[in-house]
Amino acid sequence: MRVIAIKTLRDFWGQSIYADSEQPLKAWYKEAEKADWKSWTDVKAQYRNASSLKNSRIVFNIHGNAYRLLVKINYPFGVVYIRFIGTHKQYDAIDMETV
């Protein structure tokens, strides 16, 4: 898969308060790049704790569920768009359908 954009992840883990997310996010990024997800079923097979939302959006629990990573996947083109990374509290404050 092609992941757009790692800069969002770097900006997040670059903040000292979220520095503990760096290694888990790097690991997720490497796994996502190597993946060949054709559908939600493929994602779920690899990440049992991932959750599917409307409009091809997926939520991943990162670093022992300390953070939430929201992505939108264009399966036919093999592209993963990072839409949001943050804490559970920050995640609860966003509209997952429009982010």
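Below is a summary of the structure that appears in this document. Remember, predicted model here, so these are calculated numbers, not experimental data. (Residues numbered from 1 in each chain as written. Predicted model: local features only at pLDDT ≥ 70, side-chain atom pairs only at ≥ 80, totals over all residues. Heavy atoms only, no water.)

Describing two packed helices takes the angle between their axes plus the distance from one axis to the other. Contact pair helix α1 (residues 6-13) / helix α2 (residues 22-34): the axes reach a minimum separation of 10 Å and the direction vectors enclose 170 degrees. The pairing of α1 with α2 is recorded here as roughly antiparallel in orientation. Handedness of the crossing formed by α1 with α2: right-handed. Residues Ile-6, Leu-9, Phe-12 and Trp-13 of α1 touch α2, and the partners they reach there are Glu-22, Leu-25, Lys-26, Trp-28 and Tyr-29. For the contact of α1 with α2, a count of residues per class yields 7 nonpolar, no polar and 2 charged. (Axes fitted to C-alpha atoms, helices over the stretch in contact; angles between N-to-C directions. Helix = DSSP H or I, 4+ residues; strand = E, 2+ residues; numbered from the N terminus. Parallel < 35°, antiparallel > 145°, perpendicular 65-115°, else oblique. Left-handed = near helix turned anticlockwise from the far one by under 90°. Contact = heavy atoms within 4.5 Å. Nonpolar A, V, L, I, M, F, W, Y, C, P; charged D, E, K, R; others polar.)

Once that is clear, we can look at the nonpolar core. Side chains of nonpolar character tend, in soluble globular proteins, to be buried together. Leu-9, Trp-28, Trp-37, Phe-60, Leu-69, Val-71 and Ile-73 are the most contacted members of the largest nonpolar core, which totals 27 residues. For this core, the elements supplying multiple residues, two or more each, are α1, α2, β3 (57-62), β4 (67-74) and β5 (79-87). Those residues within four positions of Trp-37 in sequence are excluded, and the remaining contacts are Met-1, Ala-32, Asp-42, Val-43, Gln-46, Tyr-47, Phe-60, Ile-73, Tyr-75 and Val-80. (Core = buried A, V, L, I, M, F, W, Y, C linked by side-chain atoms within 4.5 Å. Buried < 20%, exposed > 50% of the residue type's maximum accessible area, 1.4 Å probe, protein only.)

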